[in-house]
Amino acid sequence: ELTAANDALQRRHQETSEISRRKSGFIARLSHELRTPLTGILGHAGLLHDAKRDTTSIDENVRLIEANATHLVSLVDNVLDQASLEAGQLALHPVPTRLGGLCRDMEATFTSLAKTKGIEFRLHRRGSLPEWVEVDGTRLRQIVINLVTNGIKYTDRGFVALITAWADGRLQVSVSDTGPGIDRRARERIFLPFHREGGASEKRGAGLGLAISAQLVELMGGSLRVDDRPGGGSVFGFTVPAPACEVMVGGSGGEDGGGKRILMVDDSTDILVLYSRLLAKSGFVVDTAADEPEAWQKFEQQRPVAVLVDLYLKEWEGTGLMQRLRARGFSGGVVAWSASSLREDKQRAMSAGADMYLVKPVEPTVLCASLNEIILRRTPQLVTGPE
Ligand code: ADP
C-alpha cells in the first residue's frame, strides 16, 4: 500500500514539475513573442511618421502595423482564454451564425496568406449547409482560424484544405494539410497547453492554439482529433452541435440594419468611432454616448429601438444604466458587451436586463445579426418581411 502511495506521489511530483517546466518555457517565449511584434509596430509607426507623402510606403507601413498588432491581440487573447478555461470560467454564447459568411471570410483571409508561402488554400463543402445555425460563431471562427493557421504555418509544399459538412443538427469541420504530419507519440502532447514540438521552434507560436481549440470544441460538445492524412500530412477534425435556425431576411437576424436606430454607449472613443462606422456601413443609424448623462439625453431625443451597452465603463457601471432603462419601461433591445468572457459577467448583464451578452472584439457580421435578432424579438412590428 505504501509503495503504491509512494508511486502515486512520485507521479504527481513528475507531472507538476513537467507543467512547471512547460510554463517557464512559455513565459520566456511569451516575452520574446510580445517583443517582436511590438518592435515591429513601433518601428513601422516611426517610418510612417517619416513617410508623410509617399502613399505606397504609408500603405506598406500601415499593413505591417496591422499585421503585428493582430498577432499581439491574438497572443493576449490566447493567454487570457487559457486562464479562463483553466478556471472553468469561459462561457459560450450561441447566436445565429451564417456558415456561408464564415467560409467566405476564411477564404478571403487564407487564400492570400497561403499564396505568400507558395501553397494553396482549398475550401470544400460536402453537401449543402443550412444558411444559419445556432452556434457560438466567435469561438467556432477562433477554432477554425487556429487550425488553418497551423496548417499553413507547418506546410511548405502542397495545400491546406478546410472541409465543412452538416447533418442532423451537427456541423463537421476538418482541416487537412500536406505538411510534415504529426508523429503518433506526439499526438497527445500537442493538445497540452504551452507544449510545442521540437521542429516548431523556428516558427512563431506560444503553444496554446491547439490546447485552446481542443477545450473550446469540448465545451461545444465535441472532441478535436488529429489523424494522418492519406498521402502525407495531417487532418484535424471535429463535430459539434449546430442546429439550423430560421432568420428572416429584411429585418431580422440578417446583416442589414435597414435604417434602424440604435444607441451605443461606451467610454472608449476608439470603440465608439470604430463600431459606429461598421454598424452605419451595414445600414443602422447609430447614435453614440460616452457617459450616462449623454446616454439619457440621446435616449430621450432619438428613441432608439435597441441600446448597446459596455458592461465595464470607467466611472459607472453599465449594469446600472441597463437596470434604469428597464425600470423606465424601455422594452426595446438591450445588448451588453465587454471584453470579458467570464460566465459571471454574462449573468450580471442578463440579470440587469440585457437580452444578449457579446464578447469584444465582436465580428461586425455577428454584431449586426445579433442586434437584428434582438430587435426582431423585442419589436416584431418593425420587421417588414422579405423584400
Ligand atoms: P504553436 O503552433 O503555437 O506551437 P499549437 O498549440 O497550435 O501551438 O500547436 C502545438 C504543436 O503542434 C506545434 O508546436 C507543432 O509542433 C504541432 N502542430 C500543430 N499543427 C500542426 C500541423 N498542421 N502540422 C504539423 N504540426 C503541427
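Each remark here, short or long, concerns the structure printed above.
Quick caveat: nothing in here was measured; it's all calculated off a predicted structure.

Draft legend 1. Quick look at the nonpolar core. L140, L147, V148, F191, L224, F236 and F238 are the most contacted members of the largest nonpolar core, which totals 45 residues. Sorting elements by how many residues they give to this core places helix α4 (residues 137-154) first, with 6 residues. With sequence-adjacent residues up to four places away left out, F191 is seen in contact with L210, A211, A214, L224, V226 and F236. F284, L308, L358 and C368 belong to the second largest nonpolar core, which has 23 residues in total.

Draft legend 2. Just the side chain of R187, in detail. Checked against the element boundaries, R187 lands in the loop between β5 (170-177) and α5 (209-219). Side-chain polar atoms of R187 contact the backbone oxygen of I182, separated by 3.0 Å. Reaching out from R187, the side chain makes a polar contact with the side chain of D228 at a distance of 2.6 Å. Setting aside residues no more than four positions away along its own chain, R187 makes contact with I182, V226, D227 and D228.

Draft legend 3. Up close: the packing of aromatic side chains. For the structure on display, the rule yields 5 aromatic pairs. Their ring planes at 50° and their centres at 5.8 Å tell us that F110 and F121 sit as a pair that is tilted. With a gap of 11 residues between them, F110 in helix α3 (residues 99-116) and F121 in strand β2 (residues 120-126) connect regions that are remote in the sequence. The burial state of F110 is the same as that of F121; both residues are buried. Members of the aromatic cluster, each reached through a chain of ring pairs, are W296, F299 and F330. K360 extends its terminal NZ or CZ atom over the ring of W337, reaching a point 4.9 Å from the ring centre.

Draft legend 4. Just the sheet that holds strand β11 (residues 333-338), in detail. Here we have 5 strands laid out as an open sheet, ordered β9-β8-β10-β11-β12, and parallel in their pairing. Unpaired on one side and paired on the other, β9 (285-289) and β12 (356-359) mark the two borders of the sheet. For this sheet, the mean inter-axis angle between neighbouring strands, taken without regard to orientation, is 20°. By the bridge criterion, 4 bridges tie β11 to β12 in an arrangement that is parallel. Bridge assignment links S338 to a residue of β12, and that residue is V359. Across the sheet, helix α6 (residues 269-281) is in contact with β8 (261-265), β9, β10 (306-310) and β11; its angle to β8 comes to roughly 165°. Lying on the sheet, helix α8 (residues 318-327) is in contact with β8, β10 and β11; it crosses β10 at an angle near 155°.

Rules behind the numbers
- Positions within a chain are numbered from 1, following the residues in the order the chain's sequence is written.
- Reporting in this predicted model follows two pLDDT cut-offs: at least 70 for local features of residues, and 80 or more for side-chain atom pairs to be given and counted; totals over whole chains, interfaces and linings ignore these cut-offs and use all residues.
- Note that the side-chain values use all heavy atoms of the structure and ignore hydrogens as well as water.
- Throughout, nonpolar core names a set of buried Ala, Val, Leu, Ile, Met, Phe, Trp, Tyr and Cys residues whose side chains join them through atoms within 4.5 Å.
- Think of it in three bands: residues with accessible area under 20% of the maximum for their type are buried, residues over 50% are exposed, and the middle band is partly exposed, with areas taken using a 1.4 Å probe on protein chains only.
- Helix and strand definitions here come from DSSP, where helices need a minimum of 4 consecutive H or I residues and strands a minimum of 2 consecutive E residues; each element is numbered from the N-terminal end.
- By definition, residues are in contact when any of their heavy atoms lie within 4.5 Å.
- Whenever two N or O atoms come within 3.5 Å, that pair is a polar contact, provided that in protein one can donate a hydrogen and the other can accept it, and provided that, for residues adjacent in sequence, both atoms are side-chain atoms.
- By convention, a stacked pair of Phe, Tyr or Trp rings (six-membered ring in the case of Trp) has centres within 6.5 Å and planes under 30 degrees apart, an edge-to-face pair has planes over 60 apart, and any other such pair is tilted.
- By definition here, charges over rings are those cases where NZ of Lys or CZ of Arg is within 6 Å of the ring centre and within 35 degrees of the ring normal.
- When DSSP locates at least two bridges between a pair of strands, those strands are taken to pair.
- Axis lines are fitted to C-alpha atoms, over the contacting stretch for helices. Their N-to-C directions set the angle, which ranges from 0 to 180 degrees.

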